Amino acid sequence: MKSTGPVILGFLVGMLMFIQYFTPDKWIEARYNNVLDWKQVVFGITLILGVVSLFLYHWRKIEKREAGWLYSIVTVAGLLLMIAGAIAFSPQRGPYTWLFDYVQSPMQSTMFALLAFYVASASYRAFRARSFHAALLLTAGVIVMLGRVPLGELIGFSAGEKTYSLATLSTWILDYPNMAAKRGIMIGVGLGITSTAIKIIVGIERTYLGKGA
Amino acid sequence: MAGRRNDEGLRGTGRFQDILVNLDRRIIFLAIAAAVAFPILLPLNLPIQVSNEARAYFEEIERLSSGEVILLSLDYEPDTMAELDPMTLATLRHAFRKDLRVVAMTTYAGGVGIVERILGEASREYGKAYGTDYVFLGYNPDWSATMLRMGESIKRTYPTDHYGRRTDEIPLLSEVDSYEQIALVATIAASALAEYWVIWAGGKYNEKIITGNTAIQAVLIYPYYQTGQLSGFLGGLKGAAEYERLIERDGAGVRGMDAQSMAHLLIVCFIIAGNAGFLIQRRSQRRARVGGGDA
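Our subject in this report is the structure included herewith. In this text, all values refer to a predicted model and were calculated from it rather than measured experimentally.

All right, on to the pairing of strand β1 (residues 156-159) of chain A then. Residue and element names in this part refer to chain A. In this sheet, strand β2 (residues 162-165) lies alongside β1 in antiparallel orientation, the contact comprising 4 bridges. Pairing of S158 across the sheet is with T163, part of β2. Remark: 2 residues form the turn of the hairpin made by β1 and β2, two consecutive strands paired antiparallel; G160 in that turn has positive phi of roughly 70°.

Each partner contributes residues to the interface: chain A has 46 residues there, and chain B has 68 residues. Together, the buried faces of chain A and chain B total about 5,400 Å²; carbon and sulfur atoms form 62% of this surface. It is Q40, Y124 and R148 of chain A in chain A that bury the most area against chain B; as a group they hold 13% of the surface buried on that side. Our count for the chain A to chain B interface comes out at 3 salt bridges. Taking the shortest distance from any N to any O, the salt bridge between K238 of chain B and E153 of chain A comes out at 3.0 Å. Put simply, the parts of the chain that give the side of chain A that touches chain B at least two residues each are α2 (26-63), α4 (95-126), α5 (132-147), α6 (150-154), α7 (166-175) and α8 (177-201) of chain A. For the side of chain A that touches chain B, the element with the highest residue contribution is α4 of chain A, accounting for 12 residues. For the side of chain A that touches chain B, a count of residues per class yields 24 nonpolar, 11 polar and 11 charged.

Okay, the environment of F38 of chain B next. Within the element layout of this structure, F38 of chain B appears in helix α2 (residues 25-41). Note: C-alpha distance between F38 of chain B and M262 of chain B (224 residues apart in sequence) is 8.8 Å.

Rules used throughout
- Residues numbered from 1 in each chain as written.
- Chains lettered and ligands numbered in written order.
- Predicted model: local features only at pLDDT ≥ 70, side-chain atom pairs only at ≥ 80, totals over all residues.
- Heavy atoms only, no water.
- Pairing = 2+ DSSP bridges.
- Helix = DSSP H or I, 4+ residues; strand = E, 2+ residues; numbered from the N terminus.
- Contact = heavy atoms within 4.5 Å.
- Buried area = accessible area lost by both parts, 1.4 Å probe.
- Salt bridge = Lys/Arg side-chain N within 4 Å of Asp/Glu carboxyl O.
- Nonpolar A, V, L, I, M, F, W, Y, C, P; charged D, E, K, R; others polar.

Read these as layout, nothing more, since geometry by itself doesn't imply function.
In structure tokens:
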């Protein structure tokens, strides 16, 4: 019963979500809306679970003085400060918005901006024409990199009324080889999702129940 | 020969090809910083050509009539602000200039502050009033359920707006309660969220979708544009710059184009230099092996 109950529940909810696509029935529509409401409630609870789990993880680290415990103090302090600021002054003004605008936003932006430097360094070291396929990838990468900025539009030539530039070539790469590869992946992923969903609905796939199910 | 130590602690031979292959990463970092800073201080004003997908994005908003409602979902956090803020601001400027009404929301908890800031800036610029010209629904947990639930009822999905006002008391929402009353959905997304708007709002509710994405994500979006599931899209900062040119209001997108061009050019130069060194090195090694074998 420990696993049969959830499997039956999974089957019923799965079938409901499947059938509602094909029927305008009001009762089914109402149940479908119920499921969506529950889904949002469950998601909200997972957020609380995440915050509690993050807090406990870092709290234990601080208590045991594990490696990097000083960083954990910063994490816990930041977490508590943001929560306290939002509760005491509302999330629309006061310390919460100040911390968001002048601490969180610049920090996150800085982290992302640093990527430009690491991408430059990593692409310099990793993009090596070690084989024919690597050379092909490298060439496509360079064309797209230059073709996606205004500079790429200046590198090219005109033949009659038509202009052939790196931008044109970059668009062709994105429109054809990239598209073909992406479509193949998407079809594969779609089939995978469908088969997994069917397996969950009929109870073949039970890993979501945990070990021993 | 006494070798020089590179940043990875390897001892090079000091030969030209070895220097090319083992450039110190600090040199790369400094060069990138200079390449980005130089055009910001002294703009190059490189020409910006408008792509078909950016023109399609522009035309989808342009074809709407005054008073129509667009849903603008800002699905990103501060990390991608530099790339996505310009297209958000340009979209709001375009919408407010045409007197469209905007229902804004975010599927990211960290996106709330961004929406408030940009919505405030654009509404002040065009003298728009909260509640009648625009509304901010806020953040709702679980994006897939939110997207689907809004197809049934926006007011039941969001009983209150971000500021705690009951949505059934907000004038703008008096005639708007599902995708049926929304002329267009625009999502500015840092992740695969645009695909899910296409699947849920587009596929199930036949809603027209346009999107602005980071340059990395844009590559994955092309198939949806080609099939017509996406009516238009902006790819990265260049897409933002193209759109700013279309609405004839240059902003951070256009300003960033010179810097991005120089940075891309420099990265390509480094890649070419690294490969040149690598190929020369490989040829010398082959020659040395052949020479050793002969001996």
